[in-house]
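Results of the structural survey
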Amino acid sequence: MALSIKDISKSFTSNQSSERFLSLDNVSLEIKDQEFVSLLGPSGCGKSTLLKIISGLLKPDTGGVWLDGEKLVRPGRSRGMVFQEYALFPWMTVEKNISVGLELVHTDKKEMGEKVRWAIDLVGLTGFEKSYPHQLSGGMKQRVAIARVLVMDSKVLLMDEPFGALDAFTRMNLQDDLIELWQKHRFTTVFVTHDVEEAIYLSDRIVVMTSSPGKIKTIVDVKMSRPRIRTSDEFSMIRNHVLEQYGYVDQRSIEYSI
Ligand SMILES: Nc1ncnc2c1ncn2[C@@H]1O[C@H](COP(=O)(O)OP(=O)(O)OP(=O)(O)O)[C@@H](O)[C@H]1O
Ligand SMILES: [Mg+2]
């Protein structure tokens with residue numbers, strides 16, 4: 001078992017009152033090596049909080065996270081995070097943005113150059129090495145952010161609504177690119193989204209979360225082979241099943257089944 005999330009609770013004090021707000025209520029989850037898991041749920045159900053706890057950026061009140069049996073207590077190279085806001089350094093070129101993490105761990109110059117070229121090629125940005133973030137589209141910026149994690153050889157890729165700010169077409173292309181990359185390299189992936197279709201298109205399993213307090217409602221196995229067909233009956237059935245977990249019932253699907 002790669003990533004073990006056990007009995008995680010996390011509360012915050014709200015600004016308005018001194019009351020504690022329970023963002024995560026006793027969340028446990030086992031994620032297998034090389035698995036692609038999505039955390040799906042409405043705004044405020046604790047998806048980002050859980051991801052930050054896995055990354056080590058935030059400490060839980062109770063419980064903990066283990067990677068291959070080792071307790072994770074601080075951020076580290078084993079987990080790389082990609083945010084919605086790209087988080088690139090605007091004054092650095094693509095190449096520099098990707099190598100900055102490697103420089104921090106004092107990687108040999110030649111090895112670093114090779115690694116960076118490998119990652120740039122992998123995310124399809126060859127030719128843009130010397131470009132600055134403002135010269136790139138949103139999709140390209142997100143590729144830089146993904147490359148920055150890949151060069152670190154992180155075992156676990158954590159993504160917090162990475163495609164949330166992109167238009168539908170760019171988003172679909174990047175979903176395909178991400179799946180292709182994952183199929184090649186098989187990093188264990190925890191992907192946060194509130195888009196049901198995105199979760200179904202990408203994931204081996206979808207962790208369906210609900211809010212107040214944030215907890216896991218159920219876990220849905222997506223057994224469809226890849227590449228997945230968004231318009232297929234199987235896809236619609238899974239979508240209806242997920243939506244039912246939130247109390248949405250598609251009347252047409254009921255009519256069809258009668
Ligand atoms: N640093 C913080 N201080 C106070 N409250 C916080 C803090 N971080 C998160 N919360 C609260 O915890 C709850 C869960 O927040 P979180 O950001 O994890 O939700 P989310 O599922 O990622 O939502 P979204 O889809 O909008 O990004 C929210 O009610 C939020 O207000
Ligand atoms: Mg969030």
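Here's what I pulled together on the structure shown here. All of these numbers come straight from a predicted model, not from anything done at the bench.

Considering the sheet that holds strand β2 (residues 20–31)
If you walk across this open sheet you meet the 4 strands as β2-β1-β4-β5, and the pairing is antiparallel. The open sheet has two edge strands with one neighbour each: β2 and β5 (70–71). Relative to strand β1 (residues 3–13), helix α1 (residues 47–55) is tilted by about 120°, and along the sheet it contacts β1, β2 and β4 (62–67).

Structural notes on the nonpolar core
The nonpolar side chains of a soluble globular protein tend to be buried with one another. Ranked by size, the top nonpolar core spans 49 residues in total, and within it Ile98, Leu178, Ile206 and Val242 carry the most contacts. Element by element, the count of residues in this core is highest for helix α4 (residues 138–150), at 7 residues. Within the second largest apolar cluster, 24 residues are counted, among which are Ile5, Ile31, Ile54 and Val207.

Some thoughts on the pairing of strand β9 (residues 205–210)
Counting buried residues along β9, 6 of its 6 residues qualify, which places the element largely inside the surrounding structure. Direction of pairing for strand β3 (residues 36–40) relative to β9: parallel, over a ladder of 4 bridges. Across the sheet, residue Leu39 finds its bridge partner in β9, namely Val207. Count of turn residues in the β9/strand β10 (residues 215–221) antiparallel hairpin: 4 residues, of which Ser212 carries a positive phi of about 50°.

Some remarks on the packing of helix α2 (residues 94–104) against α4
Taken N-terminus to C-terminus, the directions of α2 and α4 make an angle of 30°; their axes are 8 Å apart at the nearest point. Between α2 and α4, the crossing angle belongs to the class labelled roughly parallel. Where α2 crosses over α4, the two elements pack in a sense that is right-handed. Packed against α2, whose contacting residues are Val94, Asn97, Ile98 and Val100, the element α4 presents Val144, Ala147 and Arg148 at the interface. For the contact of α2 with α4, the per-class residue count stands at 5 nonpolar, 1 polar and 1 charged.

Overview of the side chain of Ser38
Secondary-structure assignment places Ser38 in strand β3. Within the local environment of Ser38, its side chain forms a polar contact with the side chain of Ser203, the two groups lying 2.6 Å apart.

Comments concerning unusual backbone geometry
Both trends apply: most residues other than glycine have a negative phi, and most peptide bonds are in trans. Going from Ser212 to Pro213, the amide bond is cis rather than trans, its omega being -5°. For Pro213, the location among the structural elements is in the loop between β9 and β10. Cis geometry marks the peptide bond from Arg226 to Pro227; its omega dihedral reads 0°. Tracing the backbone through its elements, the reader meets Pro227 in the loop between β10 and α7 (233–245).

Calculation rules
Residues numbered from 1 in each chain as written. Chains lettered and ligands numbered in written order. Predicted model: local features only at pLDDT ≥ 70, side-chain atom pairs only at ≥ 80, totals over all residues. Heavy atoms only, no water. Pairing = 2+ DSSP bridges. Helix = DSSP H or I, 4+ residues; strand = E, 2+ residues; numbered from the N terminus. Contact = heavy atoms within 4.5 Å. Axes fitted to C-alpha atoms, helices over the stretch in contact; angles between N-to-C directions. Core = buried A, V, L, I, M, F, W, Y, C linked by side-chain atoms within 4.5 Å. Buried < 20%, exposed > 50% of the residue type's maximum accessible area, 1.4 Å probe, protein only. Parallel < 35°, antiparallel > 145°, perpendicular 65-115°, else oblique. Left-handed = near helix turned anticlockwise from the far one by under 90°. Nonpolar A, V, L, I, M, F, W, Y, C, P; charged D, E, K, R; others polar. Polar contact = N/O pair within 3.5 Å; in protein donor to acceptor, adjacent residues only side chain to side chain.

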